[in-house]
Amino acid sequence: MPLMRTPPASRHAVPALLALALGVGAAAVQAAPPEPTPNCPDDAGWSDPSPPRKVFGNTWYVGTCGISALLITGDDGHVLIDGATPEAGPMIVESIRSLGFDPKDVRVLLNTHEHIDHAGGLAAIQQATGAPLRARRPGLIALRKGDMDMRDPQVPFRMPGFPPVPVIETLADNAEVRVGDLVIQTHATPGHSLGGTSFTWTSCEGTTCHAMAFADSLSAVAPDTYRFSDPANSPAFATMLRGTFDTVAALPCDILVSPHPVASRLWYRLGDAPSEPLVDATACKRYAEAGARRLDARLDTERQATP
Ligand SMILES: [Zn+2]
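Remember, it's a predicted structure, so these values are computed and weren't measured experimentally.

Draft legend 1. Structural view of the overall build of the protein chain. Of regular secondary structure, the protein chain possesses 9 helices and 12 strands. Of all 307 residues assigned to the protein chain, the portion counted as buried reaches 44%. Of the contacts formed within the protein chain by residues at least 6 apart in sequence, a portion of 65% connects residues at least 24 apart.

And the structure:
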């Protein structure tokens, strides 16, 4: 039997009841414009709460203001991509609930990459949903221990650890994740981290369908003392990133969401009065080009610092 969605509480429920009590016509109440869903500032913190909202069709934003998490819903169960921070995990569960979906109907958890700001909340979400995390092999060390893989260039930043994810199933590099009639294609996109993964699927509203892309972070991040250009630093994250730029540029991609919403200008593209188009088939290509420019700049700086 298809899963039922409980309609979320209407923002007009209280005024409507009040109107009934006062004997005012319902039409007058319904004429009030809906409250706009507030958008988030670009400099929002990782755990700053955001109201959940629809992205398109069966794709819903359930992350925080600073970190994306997407719920993709289907008749036979749902898929959740990313868990944001440890603090945000319970907020994501609550966002799923407040959209009218049952967290227990989430069948699979996925993860863009194994850093605290995207994987930190997964253990709490797994506890609430009972869903296994499916992740590519290179990310497993970090996800199982709740801390960065020692080969990660960001290790010297000494980021705090996060609750390890108890149940993880290994995902092939380029796999299809299926839940009922939902089909999510995974793409290996390492470079920002070892386990970096991007995801594509199709969402429809009526007869309009769009290629959705949740493309992983593409930044080469490390302390100034780390050299992406040093062949002694293995594996070669810069080389991995170059391949990933090509992969991301070629993704089916009408609507792009990035793990940090600011990187795909999401808060300008969603909401009641967007100032930029939500749908842009060049978005992944431009996202990859921006990543390549930043890597070039980083390698230039390293070259100039060479004595
Ligand atoms: Zn990261």
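That was the structure; now back to the text.
Draft legend 2. Looking closely at the sheet that holds strand E10 (residues 197-205). Strand order in the open sheet made by the 5 strands is E8-E9-E10-E11-E12, with mixed pairing throughout. Lying at the two open borders of the sheet, with one neighbouring strand each, are strand E8 (176-179) and strand E12 (255-257). If you compare each strand with its neighbour and ignore which way they point, the axes differ by 25 degrees on average.

Draft legend 3. Spatial organisation of the packing of helix H3 (residues 88-98) against helix H5 (residues 122-129). The interhelical angle for the contact between H3 and H5, taken along N-to-C directions, is 40 degrees, at an axis separation of 7 Å. Here H3 lies oblique to H5, going by the angle between them. The element H3 and its partner H5 pack so that their crossing is right-handed. Here Gly 89, Pro 90, Ile 92 and Val 93 of H3 come into contact with H5, specifically with Leu 122, Ala 124, Ile 125 and Ala 128. Of the residues belonging to the contact of H3 with H5, the class tally is 7 nonpolar, 1 polar and no charged.

Draft legend 4. Expanded view of the nonpolar core. Core analysis: the largest hydrophobic core is formed by 72 residues, its most contacted members being Leu 70, Val 79, Ile 92, Leu 256 and Cys 284. Element by element, the count of residues in this core is highest for helix H7 (residues 237-249), at 6 residues. Sequence-distant contacts of Ile 92, that is, excluding residues within four places in its chain, are made with Val 62, Gly 63, Ala 69, Gly 83, Ala 84, Gly 121 and Ile 125.

Draft legend 5. Expanded view of the pairing of strand E5 (residues 106-110). The element E5 is extensively covered by neighbouring structure, given that 5 of its 5 residues are classed as buried. The sheet contact formed by strand E4 (residues 78-81) and E5 spans 4 bridges and is parallel. From the neighbouring strand, His 78 faces E5, where its bridge partner is Val 106. With respect to chirality, the unit in which E4 leads through H3 into the neighbouring parallel E5 is right-handed.

Draft legend 6. Representation of H5 within the structure. Taking burial as the measure, the 8 residues of H5 include 6 buried ones, the bulk of the element. Burial in H5 covers these residues: Leu 122, Ala 123, Ala 124, Ile 125, Gln 126 and Thr 129. Looking at the buried side of H5, the elements it contacts are E4, H3, E5, helix H4 (116-119) and strand E6 (133-136). A positive phi of about 75 degrees marks Gly 130, the residue just after H5.

Draft legend 7. How the structure looks around unusual backbone geometry. Geometrically, the link from Ser 234 to Pro 235 is a cis peptide bond, its omega value of 0 degrees lying close to zero. Along the polypeptide, Pro 235 turns up in the loop between strand E11 (208-214) and H7. Residue Asp 82 is not a glycine yet carries a positive backbone phi of 85 degrees. Looking at the secondary structure, you find Asp 82 in the loop between E4 and H3.

Draft legend 8. Region of the structure containing H7. Taking 1.5 Å per residue, 13 residues should reach 18 Å; H7 reaches 18 Å between its end C-alpha atoms and fits that length. Every buried residue of H7 is accounted for by Phe 237, Ala 238, Met 240, Leu 241, Thr 244, Phe 245, Thr 247 and Val 248. Looking straight down H7, one finds that the buried residues subtend no more than 165 degrees of arc, so they occupy a single side. Turning to H7, the residues buried within the fold contact strand E9 (182-188), E10 and helix H9 (283-304).

Conventions adopted
Counting starts from 1 at the beginning of each chain's written sequence and moves along it residue by residue. Selection of residues for local features in this predicted model requires a pLDDT of at least 70, selection of side-chain atom pairs for listing and counting requires 80 or more, and totals for whole chains, interfaces and linings are taken over all residues. We count a stretch as a helix when DSSP gives it H or I for four or more residues in a row; a strand needs E for two or more, and each element gets its number in order from the N terminus. Whether a residue is buried, exposed or partly exposed is read from the other C-beta atoms within 10 Å of its own C-beta, which are placed from the backbone; 20 or more gives buried, 12 or fewer gives exposed, and intermediate counts give partly exposed. We call two residues in contact when their backbone-placed C-beta atoms lie within 7 Å. Two strands are said to pair when DSSP picks up at least two bridges between them. Axis definition: a line fit to C-alpha positions, over the contact stretch in the case of helices; interaxial angles, taken between N-to-C directions, run 0 to 180 degrees. An angle below 35 degrees is treated as roughly parallel, one above 145 as roughly antiparallel, one from 65 to 115 as roughly perpendicular, and anything else as oblique. The hand of a helix crossing depends on one turn: near helix anticlockwise from the far one by less than a right angle means left-handed, and clockwise means right-handed. For this scheme, ten residues count as nonpolar: Ala, Val, Leu, Ile, Met, Phe, Trp, Tyr, Cys and Pro. Four count as charged, namely Asp, Glu, Lys and Arg, and the remainder, Gly too, count as polar. To count as a nonpolar core, a set of buried Ala, Val, Leu, Ile, Met, Phe, Trp, Tyr and Cys residues must be joined through C-beta atoms within 7 Å. Assignment of crossover handedness uses the view with strands pointing away from the viewer, where a clockwise path from the first strand over the helix to the second indicates a right-handed crossover. In this scheme, a helix's expected span is set at 1.5 Å multiplied by one less than its residue total. Comment: arc refers to directions from the helix axis out to C-beta atoms.

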